[in-house]
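# Architecture and fold: a report
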Number of protein chains: 2
Amino acid sequence: MNDLEDLDGQGPLWQQIRRALIRPMRDGTWPPGTKIPKEIEIMERYGAARMTVHRALRSLAAEGSISRRRRAGTVVADRPPERPLLEIWDIGAEVERLGGAYSFEILARETLDGDDPRAAALGLEDGTPVLHLVVRHFSDGSALQIEDRLINLGAVPAAAEMGFDSEPPGTWLVGNVPWSNAEHVITAEEATRDIARLLSIRTGTACLVVERRTWSDGQPITWARFVHPGDKRRLVGRFRSGSE
Amino acid sequence: MNDLEDLDGQGPLWQQIRRALIRPMRDGTWPPGTKIPKEIEIMERYGAARMTVHRALRSLAAEGSISRRRRAGTVVADRPPERPLLEIWDIGAEVERLGGAYSFEILARETLDGDDPRAAALGLEDGTPVLHLVVRHFSDGSALQIEDRLINLGAVPAAAEMGFDSEPPGTWLVGNVPWSNAEHVITAEEATRDIARLLSIRTGTACLVVERRTWSDGQPITWARFVHPGDKRRLVGRFRSGSE
DNA sequence: CAGTGGTCTAGACCACCGC
DNA sequence: CGGTGGTCTAGACCACTGA
């Protein structure tokens, strides 16, 4: 019943409770469909008022992580990453969710000086070193995405020690580096010769390109550019009006 | 000071207050930068508790419609539609925000039977008539977007009477039909010959395609497919982590 | 330093819907 | 019908920051 760890003492109480509830959902202790403790139990567990607990749960319900019904209680949502277009977006998880076999390959890895023009997309001003990676992602052996990524080693020094052989850098960052803001820019571009070769498509094929920048408390964390064949990938976003 | 109309009595009090605050922002009574009444004033205006008023304001702040700072008060955000990728997305407003001159042209208009295969995208089951429109949108006279739209006349009969000569159908729908859910699907496709001709681009140019479906209480309202030259349009979305 | 928003409490009533 | 979540209240203290 109580897989709930203690609170971390960081920030408002409702956000602490929110994080405490997310942890067992993320690490698999509460798989989708699990019934989670009711408001009164969480209230007693942490000694908070019901409104405070309710606010944490409402926040999780608004983003689709949990599903709540009167009388029936609260359960972990079937597809916690309900908004692939929003927030963080993990291609490996998505390939597997669609029933494919996911794999990836590091095509290039180098450490750039902060003043290297190729590191400019991160928006760093000083000479902080930057890790540059090129990754190719596969679904059932066919190339699905080329990822070009920059990681600010000043903010994430641990990335320099990572081999990224069992886990791609994007997945590792999601699990290990907190972020507070993200920006996505989505465009359509024709495949260059290099991209076409890497994705096994014809030069000039329409590609969906997503650029994502992520910050933590105003400090740039990572920049990534994802290129997919236009016919193999679609972004879907669902939205509710008004009600928060 | 008090441009606030009475509440509409529909649904929870905090949502009624939310709507009452949105109205003067939408109709221009409170342009961006306007300082809006403080929590205590709204509280007295409607006889609600401060927590209830706060919840309405927090919801508006979370979606970027207002900006709040301690001591300074609450102001209407500079760019109320902060999330062009989310919610409703009005190309005319965006063209003008970027300093362009917006215009549009209705290329086709017809009423389809509900069982016409072209109306299938709306997902209607009975034989409800559907209005089909093709619209071309311009920025400074150059074609920026082709819009293919279906409107469920069973849910929005007033659309049949509209000329759409001063206002394009998308803008009219946003202002006149409430919606509760929306779905966006984003892909990249090569321009067909017809699309290329309408957008004055080369056949095969990479295009960004957005399909949007909108529902109101489970009833389909409209389906639209927007095609833009990939180099003339980018979708931007900004997100904050966790904190609602 | 004082005004504003951010949070939290302890309690209450109600609506819904599964048991 | 009763348990659960949804809402609302009246009050309180605190954090931040602009005047």
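Since the structure is predicted, the reported quantities are computational estimates derived from the model, not experimental observations.

Turning our eyes to something else, we now look at the protein's contact with DNA strand C. Around DNA strand C lies a shell of 24 residues, among which A:L13, A:T52, B:K38, B:R50 and B:R71 are the nearest. Put simply, 59% of the atoms of DNA strand C that lie within 4 Å of the protein are in sugar or phosphate. Between A:W14 and DNA strand C, the recorded distance is 3.2 Å, taken from a backbone N or O atom to a phosphate oxygen. One nitrogen or oxygen atom from the side chain of B:K38 is found 2.5 Å from a phosphate oxygen belonging to DNA strand C. Mapped by element, the contributors of at least two residues to the surface near DNA strand C are α1 (13-26) and α3 (50-62) of chain A together with α3 (50-62), β2 (66-69) and β3 (73-76) of chain B.

Another point: the sheet that holds β3(B). Residue and element names in this part refer to chain B. Spatially, β1-β3-β2 is the arrangement adopted by the three strands of the open sheet, whose pairing is antiparallel. Of all strands in the sheet, those with a lone pairing partner are β1 (35-36) and β2, marking the two edges. Bridge count between β2 and β3: four bridges; the pairing is antiparallel. Note on β3: the bridge partner recorded for I66 is V76.

Time to look at the side chain of B:T128. Summarising the element assignment, B:T128 is placed in the loop between β4 (102-112) and β5 (130-139). Once you skip the residues sitting within four places of it in the chain, B:T128 turns out to touch B:D113, B:G114, B:N152, B:L153 and B:G154.

All names here are of chain A. For the pair helix α2 (residues 39-46) and α3, the least separation of the axes is 9 Å and the interaxial angle reads 115°. By the angle between their axes, α2 is roughly perpendicular relative to α3. Judged by the twist between their axes, the crossing of α2 over α3 is right-handed. Contacts between α2 and α3 involve E39, I42 and M43 on the former and, on the latter, R50, V53, H54 and L57. A class-by-class count of the residues in the contact of α2 with α3 yields four nonpolar, one polar and two charged.

With that settled, the discussion passes to the sheet that holds strand β1 (residues 35-36) of chain A. Residue and element names in this part refer to chain A. If you walk across this open sheet you meet the three strands as β1-β3-β2, and the pairing is antiparallel. The strands lining the two open edges of the sheet, one partner per strand, are β1 and β2 (66-69). The pairing of β1 with strand β3 (residues 73-76) spans two bridges and is classified as antiparallel. Residue pairing across strands places K35 opposite V75, the latter belonging to β3. Packing against the sheet, α3 makes contact with β1 and β2, and its axis sits at approximately 115° to β2.

This part covers the state of the cysteines. This structure, assessed with the given rule, holds zero disulfides over all chains. Free cysteine: A:C207, not disulfide-bonded; nearest cysteine sulfur from B:C207 at 13 Å.

It is worth spelling out the protein's contact with DNA strand D at this point. As a matter of local geometry, DNA strand D sits amid 25 residues, with A:K38, A:R50, A:R71, B:L13 and B:T52 nearest to it. Of all DNA strand D atoms lying within 4 Å of any protein atom, the proportion belonging to sugar or phosphate reaches 60%. Here a sugar or linking oxygen of DNA strand D sits 3.0 Å away from a polar atom, N or O, in the side chain of A:R70. With respect to DNA strand D, the backbone of B:W14 contributes an N or O atom lying 3.2 Å from a phosphate oxygen. Of all the secondary-structure elements, those providing two or more residues to the surface near DNA strand D are α3, β2 and β3 of chain A together with α1 (13-26) and α3 of chain B. Considering every element that reaches the surface near DNA strand D, the biggest residue donor is α3(B), with four residues. Taken together, the residues that form the surface near DNA strand D break down as eight nonpolar, five polar and twelve charged.

The next point concerns the packing of α1(A) against α3(A). Residue and element names in this part refer to chain A. Relative to each other, α1 and α3 sit at 55°, their axes nearing to 8 Å. In terms of orientation, α1 and α3 fall into the oblique class. For the pair α1 and α3, the sense of crossing is right-handed. Contacts between α1 and α3 involve L13, W14, I17, R18, L21 and I22 from the former and T52, V53, R55, A56, L57, S59 and L60 from the latter.

With that settled, the discussion passes to helix α2 (residues 39-46) of chain B. Residue and element names in this part refer to chain B. Those residues of α2 that fall on the buried side of the exposure criterion are E39, I42 and Y46. One side of α2 carries all its buried residues, which in axial view fall inside an arc of 65°. Tucked inside the fold, the buried residues of α2 contact α1, α3 and β2. Looking one or two places after α2, you find G47, whose phi comes out positive at around 65°.

According to the stated counting rule, one finds 27 salt bridges over all chains in the structure shown. For B:R202, the salt bridge goes to A:E190, with nearest N and O atoms at 2.9 Å. Of this pair, B:R202 sits in the loop between α6 (193-199) and β8 (206-216) while A:E190 sits in strand β7 (residues 181-190), which puts the two residues in different chains. Close ionic contact of B:R225 with B:E211 constitutes a salt bridge, the shortest N to O distance being 3.1 Å. Of the two residues, B:R225 sits in strand β9 (residues 219-229) while B:E211 sits in strand β8, which places them 14 residues apart along the sequence. Sharing partners across several salt bridges, the network here consists of A:E39, A:R50 and A:R68.

Reading the values: the criteria
Residues numbered from 1 in each chain as written. Chains lettered and ligands numbered in written order. Predicted model: local features only at pLDDT ≥ 70, side-chain atom pairs only at ≥ 80, totals over all residues. Heavy atoms only, no water. Near = heavy atom within 4 Å. Polar contact = N/O pair within 3.5 Å; in protein donor to acceptor, adjacent residues only side chain to side chain. Helix = DSSP H or I, 4+ residues; strand = E, 2+ residues; numbered from the N terminus. Pairing = 2+ DSSP bridges. Contact = heavy atoms within 4.5 Å. Axes fitted to C-alpha atoms, helices over the stretch in contact; angles between N-to-C directions. Parallel < 35°, antiparallel > 145°, perpendicular 65-115°, else oblique. Left-handed = near helix turned anticlockwise from the far one by under 90°. Nonpolar A, V, L, I, M, F, W, Y, C, P; charged D, E, K, R; others polar. Disulfide = S-S within 2.5 Å. Buried < 20%, exposed > 50% of the residue type's maximum accessible area, 1.4 Å probe, protein only. Arc of directions from axis to C-beta. Salt bridge = Lys/Arg side-chain N within 4 Å of Asp/Glu carboxyl O.

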